[in-house]
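Structure at a glance
Spelled out from the first residue to the last, the chains are:
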Amino acid sequence: MMEGDLRTSKYVSNVHETFSDRVISAGNVVRGDLVEELILADADIVKVCIDPDSVCTTRVKTVVSYPQLSAIIECADMAHGLSGQIIGDGGCSYAGDVAKSFGSSADLVMLGGMLEDHEESSGELVEKDSKTFMKFYGISSESTMEKHSDGITKYRAAEGKTVLLQFRISVHNTMSGILGGVHSTYTYVGAAKLKELIKRTTFIRVQEHNV
């Protein structure tokens with residue numbers, strides 16, 4: 001059993017002893033000290049993200065945001081030291097983004113925009129210009145508030161937008177592409193398993209130049 005598997009085994013055991021079959025997920029945060037507070041308050045998994053999601057407008061509405069890769073690295077380090085886990089919540093548009101999330105120590109990765117436009121998501125379909133689209137909107141968007149509550153309250157603003165994604169029938173091909181990309185990452189960095197990806201990954205800051 002690998003070290004990561006042992007940690008997960010202990011974590012599952014502790015959850016069953018304390019909460020029976022319940023697992024507590026809390027968030028969203030982007031700093032290690034806040035991860036510490038949540039785990040010490042009995043959270044088992046912490047969601048990490050503020051703004052990088054494709055339909056999130058938190059940064060332009062509140063000027064509060066944090067680079068997702070940096071947030072995952074910092075928060076995962078704190079969570080794993082306390083036998084907790086983290087979810088990389090957002091910021092993935094390609095298979096390589098998923099590999100980066102796992103390589104930076106995320107235990108789980110959420111893929112909203114990458115999977116929403118498939119029939120398995122049961123989203124709302126819209127016909128436009130003889131094409132079929134599916135509505136996709138952020139959790140703090142006006143669409144969400146109107147659908148699941150009484151609309152936007154007086155003391156807050158919507159922090160998400162609603163977009164139309166080209167409808168794709170089955171998620172099978174998309175998932176195969178994501179898995180294939182992550183598996184290729186293994187090959188390039190010399191990792192045999194997902195947990196080894198963390199040990200084999202080195203991030204280098206680069207400055208892009210227009211050629």
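Quick note: structure is the one above.
Below, the structure is looked at part by part.

About the criteria used
- Residues numbered from 1 in each chain as written.
- Predicted model: local features only at pLDDT ≥ 70, side-chain atom pairs only at ≥ 80, totals over all residues.
- Heavy atoms only, no water.
- Buried < 20%, exposed > 50% of the residue type's maximum accessible area, 1.4 Å probe, protein only.
- Helix = DSSP H or I, 4+ residues; strand = E, 2+ residues; numbered from the N terminus.
- Contact = heavy atoms within 4.5 Å.
- Pairing = 2+ DSSP bridges.
- Axes fitted to C-alpha atoms, helices over the stretch in contact; angles between N-to-C directions.
- Parallel < 35°, antiparallel > 145°, perpendicular 65-115°, else oblique.
- Left-handed = near helix turned anticlockwise from the far one by under 90°.
- Polar contact = N/O pair within 3.5 Å; in protein donor to acceptor, adjacent residues only side chain to side chain.

1. Digging into helix H5 (residues 95-103)
Of all nine residues making up H5, seven are buried, and the element is well covered by its neighbours. Listing the buried residues of H5 in full gives Ala95, Asp97, Val98, Ala99, Ser101, Phe102 and Gly103. Considering only its buried residues, H5 is in contact with helix H4 (68-81), strand S4 (108-110), helix H6 (112-115), helix H8 (172-189) and helix H9 (194-200). Serine 105, located one to two residues past H5, shows a positive phi value of around 95 degrees.

2. A word on the sheet that holds strand S3 (residues 85-89)
Reading across from one edge, S1-S2-S3-S4 is the order of the four strands in this open sheet, with parallel pairing throughout. Of all the strands in the sheet, just strand S1 (25-29) and S4 have a single pairing partner and so form its edges. Within this sheet the neighbouring strands show an average axis-to-axis angle of 25 degrees, counted without direction. As paired strands, S1 and strand S2 (residues 45-48) are joined by four bridges and run parallel to one another. What sits directly across from glycine 27, in S2, is lysine 47.

3. Side note on the sheet that holds strand S6 (residues 131-137)
Remark on secondary structure: sheet strands pair via backbone hydrogen bonds, oriented parallel or antiparallel. Spatially, the three strands line up as an open sheet ordered S5-S6-S7, and their pairing is antiparallel. Pairing within the sheet leaves two strands with one partner each, and these edge strands are strand S5 (125-128) and strand S7 (162-166). Strand after strand, the sheet turns through a mean of 45 degrees between neighbouring axes, direction not considered. Pairing of S5 with S6, which is carried by four bridges, proceeds in the antiparallel orientation.

4. A word on unusual backbone geometry
Cis geometry is found at the peptide bond from glycine 27 to asparagine 28, where omega equals 5 degrees. Positionally, asparagine 28 belongs in strand S1. Backbone geometry at aspartate 42 places phi at a positive 90 degrees, although glycine is not the residue there. Secondary-structure assignment places aspartate 42 in the loop between helix H2 (32-40) and S2. Not every positive phi belongs to a glycine, and aspartate 129 is a case in point at roughly 55 degrees. Relative to the helices and strands, aspartate 129 is located in the loop between S5 and S6.

5. Considerations on the packing of H5 against H8
The geometry of H5 relative to H8 is characterised by a closest axis approach of 8 Å and an angle of 50 degrees between their N-to-C directions. With respect to their mutual orientation, H5 and H8 come out oblique. For the element pair H5 and H8, the recorded crossing hand is right-handed. Of H8, the residues touching H5 (which contributes Ala95, Val98 and Ala99) are Gly177, Ile178, Gly181, Val182 and Thr185.

6. Here we look at the environment of serine 121
By secondary structure assignment, the location of serine 121 is in the loop between H6 and S5. Sequence-wise, serine 121 and methionine 134 are 13 residues apart; in three dimensions their C-alpha atoms are separated by 9.5 Å. Once residues lying within four places of it in the same chain are set aside, the contact partners of serine 121 are Leu115, Glu116 and Met134. Reaching out from serine 121, the side chain makes a polar contact with the backbone oxygen of glutamate 116 at a distance of 2.6 Å.

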